[in-house]
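Chain residues, written in single-letter form:
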Amino acid sequence: MTAMGNNKISALIVDDDSIIRKIHKTMLERLFNMEARTAKDGKEAVDLCRSGAKFDVIFMDREMPIMDGVEATKELRAMGVKSMIVGISASASGEDFVAAGSNHCFEKPLDLAKVELVLGLHPNFST
Amino acid sequence: MDGIVQLQRQLVDYNASLFHEGFLDDQFNQLQQLQDESNPDFVVEVVTLFFEDADRLLNELTKALGQPSIDFKRLDAHVHQLKGSSSSIGAQRVHRVCISFRNSCEEQNVEGCLKNLQQVKHEYSLVKSKLETLFRMEQQVLAAGGSVSR
C-alpha cells in the first residue's frame, strides 16, 4: 500500500477542530514517523481522495459540518478507496461507522495507545 | 549560573502546581511530550488556538444566553465545541464545567446555564492566566540561557 521508495505510513486526519488536527498531525509524525495530512470535513477528505491522494490510514471524526464522518466513509468506500478507515466518535457505539465501511471505531480522544492498536491491526504496518 | 538553576526550579514547581491544583491533566503533559528542539513552539501554538477558539465560543455563548428566547440546541453545540477543545489541551476544570453546562442545556435550565456560563468564564480566565505565566517563565529560562526540556 505504501508508495515505493517511501516506507513512511501515510495518514489523513479528518476533523473540523483545528486544535485536534494540529495535535494529531504532530503526534503521528513525531511519535510514529508517519506522513500526515489533514482535512477539515468529510467533503474535503473525499475531494482529496478523488483527486488521487492515497492514504494507508484515515482517522475520521464523526460530527463535522458539510459532510460528517459516516457519510464520508460511505462515499470513500463507494469510490473504491481501500485505506484503513478508523472512525473516531464521541460516543462509544460505532455500529453506524462500521456499517458505513470503516475498519474500526474508537471513542474520543485518539491517543498513543489507540494509534498503536491500529498499527498492530494492519497487516502492512507490522514493524 | 545560580540564577538559571533557580529559574528552572521555579518553572518545574509552577508546572507541577498546575497539575496538582487540577487546572491541567495528563493531556497537557502529552502535548508537552510532543514538543522538542525541532518544534519548540508546539505547546504555545496549540494553546493559542485554544484561546482563540474559547474567546470566540464564550462570546457566542454570552450572546445566545442574552436572547429573549434561547436556542438551546445552538447553545449546546457551542458548549460541545468548547468541551472538545478544552479536553484536547487538557484544561481539566474548563472541561468539567462544560459537562455540567451540557446537562443544563439538555434540561433547558436557563438559570443553570447562566450559572455554568459564569463558572466556565471564571475557570477559563484562571487557566488562561496560569498558562500565560507558565509560558512567560519558560521564556525567562530560555532568555537566561537555560533549557526547558522535560
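Criteria and thresholds
- Residues numbered from 1 in each chain as written.
- Chains lettered and ligands numbered in written order.
- Predicted model: local features only at pLDDT ≥ 70, side-chain atom pairs only at ≥ 80, totals over all residues.
- Heavy atoms only, no water.
- UniProt positions renumbered as here; feature names shortened; annotations may be inferred.
- Buried < 20%, exposed > 50% of the residue type's maximum accessible area, 1.4 Å probe, protein only.
- Helix = DSSP H or I, 4+ residues; strand = E, 2+ residues; numbered from the N terminus.
- Arc of directions from axis to C-beta.
- Contact = heavy atoms within 4.5 Å.
- Expected span 1.5 Å × (residues − 1).
- Polar contact = N/O pair within 3.5 Å; in protein donor to acceptor, adjacent residues only side chain to side chain.

- The name that an unreviewed UniProt entry assigns to chain B is Histidine-containing phosphotransfer protein, with the source organism given as Flemingia macrophylla.
- Quoted verbatim from the Function (unreviewed entry) field of the UniProt record, the comment on chain B reads "Functions as a two-component phosphorelay mediators between cytokinin sensor histidine kinases and response regulators (B-type ARRs). Plays an important role in propagating cytokinin signal transduction."

- In the nomenclature of an unreviewed UniProt entry, chain A is known as Response regulatory domain-containing protein of Flemingia macrophylla.

## A word on helix 5 (residues 112-121) of chain A
Residues and elements named next belong to chain A.
Part 1 of the reasoning: Taken residue by residue, helix 5 has K114, V115, V118 and L119 as its buried positions. Here the buried residues of helix 5 occupy an arc of 140° about the axis, which is enough to place them on one side.
Part 2 of the reasoning: The inward-facing, buried residues of helix 5 abut helix 1 (18-32), strand 3 (57-61), strand 4 (84-89) and strand 5 (104-107).

## A few points about the environment of F42 of chain B
Part 1 of the reasoning: Counting through the fold element by element, F42 of chain B comes out in helix 3 (residues 42-65).
Part 2 of the reasoning: Under the relative-accessibility criterion, F42 of chain B is labelled buried at 3%.
Part 3 of the reasoning: Separated by eleven residues in the primary sequence, F42 of chain B and L31 of chain B place their C-alpha atoms 8.0 Å from one another.
Part 4 of the reasoning: Those residues in contact with F42 of chain B that sit more than four places away from it in its chain are K22, I23 and T26 of chain A together with L31, L34 and Q35 of chain B.

## As for helix 4 (residues 72-89) of chain B
Part 1 of the reasoning: Helix length check: helix 4 of chain B (18 residues) gives 26 Å between terminal C-alpha atoms against 26 Å at 1.5 Å per residue, within 8%.
Part 2 of the reasoning: If you check which residues of helix 4 of chain B are buried, you get F72, L75, H78, V79, L82, S85, S86, S88 and I89 of chain B.
Part 3 of the reasoning: Of the surrounding elements, those touching the buried residues of helix 4 of chain B are helix 1 of chain A together with helix 2 (26-34), helix 3, helix 5 (92-106) and helix 6 (110-143) of chain B.
Part 4 of the reasoning: Put simply, D71 of chain B is the residue that caps the front of helix 4 of chain B, since its side-chain oxygen is 3.2 Å from the backbone nitrogen of K73 of chain B.
Part 5 of the reasoning: Where helix 4 of chain B ends, the next residue or the one after it, G90 of chain B, has phi of about 85°, a positive value.

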